[in-house]
Amino acid sequence: PQRSYMIAVVVSLLVGVCLVAGILYLRKPKHLKPDPTSSVPRIPNEKETEDFESLLFGEAQSVPQVIAEAQKLANNIIERFPQSDAALLLMGSVYGQLGDIEKNIALWEKVIRLNPQHTDVYDKLAQLVKDQGDVEQALVYWQQGLKIDPRNAKSLWALANTYIERHEAEQAVGLLKEACVI
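Rules of the game
Residues numbered from 1 in each chain as written. Predicted model: local features only at pLDDT ≥ 70, side-chain atom pairs only at ≥ 80, totals over all residues. Heavy atoms only, no water. Helix = DSSP H or I, 4+ residues; strand = E, 2+ residues; numbered from the N terminus. Expected span 1.5 Å × (residues − 1). Contact = heavy atoms within 4.5 Å. Salt bridge = Lys/Arg side-chain N within 4 Å of Asp/Glu carboxyl O. Buried < 20%, exposed > 50% of the residue type's maximum accessible area, 1.4 Å probe, protein only. Arc of directions from axis to C-beta. Axes fitted to C-alpha atoms, helices over the stretch in contact; angles between N-to-C directions. Parallel < 35°, antiparallel > 145°, perpendicular 65-115°, else oblique. Left-handed = near helix turned anticlockwise from the far one by under 90°. Nonpolar A, V, L, I, M, F, W, Y, C, P; charged D, E, K, R; others polar. pLDDT = per-residue confidence, 0-100.

Undergrad: Which residues make up helix α6 (residues 119-131), and what values do they have?
TA: Compared with the 18 Å implied by 1.5 Å per residue over 13 residues, the 19 Å span of α6 between its first and last C-alpha is a close match. Looking at the buried residues of α6, the elements they touch are α4 (85-97), α5 (101-114), α7 (135-148) and α8 (153-165). Positive phi shows up at G133, right after α6, with a value of about 100°.

Here it is in C-alpha cells:
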C-alpha cells in the first residue's frame, strides 16, 4: 500500500512539473515561441531571456525566493512521508541540488537506517561526502555497502579509485581484481 501510494505521489509530482512547463510555454510571449517553419534553432536575445526569466520567477520573486519555496515543498513531502525510502531519497537529492548538503546527507542516512539493503544509497553517500572532502567517511560508506553486496561493481570500482588516489595500491589492486571477476 505504501509503495503504490508513493508511486502515485511521484507520478503526481511529474504530472505537476509537466503542467507547469506547459503553462509556462503557453504564457510565453509569441516572439519567444519556436518558429515551426524553421529547422534551425536560434539563440534568444537578451530581452527574450529576461522575458522568459520573469515568467519563471515572476516580477517580485528572486532566485532565493524560488529556492525557499522549493525547500518548503521538500519539507512538506518529508513531513507527509517520513518513513518512505523513495520520498527521502528524492528529497535528499532536492536538498543536494539546493546546496543543503547536510540535509541531503541526513536524509540519505535515514534511508539506510530504515532499509540497510539500499546499497545504491551507500554509493551516493560515499561520493557525496568524498566530494565534500571527507574521504575517510566515504571509505566507510563504500565498505558498509560492500558488506551487504560484496559483488557491487560500482562500489568496488569507486573504492579502488579512492585507494589509488590515496596511493594505497595494494588495497586498490585487490578490489580491482574482485571487480574484474564480476
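Undergrad: Help me get a handle on the pattern of salt bridges, residues and values and all.
TA: It is possible for side chains of opposite charge to pair when their charged atoms get near one another. Taken as a whole and assessed by the stated rule, the structure comprises three salt bridges. For R166, the salt bridge identified is with E136, shortest N-O distance 2.5 Å. Of this pair, R166 sits in the loop between α8 and α9 (169-181) while E136 sits in helix α7, and the two are 30 residues apart along the sequence. The exposure class of R166 is partly exposed, given its relative accessible area of 29%. The partner of R166 in a salt bridge is E168, with the nearest N and O atoms 2.9 Å apart. A single salt-bridge network, built from bridges that share partners, covers E136, R166 and E168.

Undergrad: Break down α9 for me, with residues and values.
TA: Residues separated by three or four positions in an α-helix point in the same direction, a consequence of the helix having 3.6 residues per turn. With 13 residues, α9 extends 18 Å from end C-alpha to end C-alpha; this agrees with the ideal 18 Å at 1.5 Å per step. Buried within α9 are the following residues: A172, L175 and A179. Buried residues in α9, looked at end-on, bunch into an arc of 70°, giving them a common side. Residues of α9 that are exposed and angled more than 90 degrees away from the buried face: A169, E170, K177, C180 and V181.

Undergrad: Talk me through the packing of α8 against α9; I want residue IDs and the actual numbers.
TA: Any two packed helices are characterised by the angle at which their axes cross and by the distance between the axes. The contact between α8 and α9 brings their axes to 8 Å, and the two run at 160°. In terms of axis orientation, α8 runs roughly antiparallel to α9. Seen from above, α8 lies across α9 with left-handed handedness. Here L156, W157, L159, A160, Y163 and I164 of α8 lie close against α9, whose contacting residues are Q171, A172, L175, L176, E178 and A179. Considering only residue class, the contact of α8 with α9 consists of ten nonpolar, one polar and one charged.

Undergrad: Talk me through the confidence of the model for the chain; I want residue IDs and the actual numbers.
TA: The predicted model of the chain averages 74 in pLDDT, with 63% of residues at 70 or higher. Of all secondary-structure elements in the chain, the lowest mean pLDDT belongs to helix α2 (residues 46-57), at 51, while α7 reaches the highest, 95.

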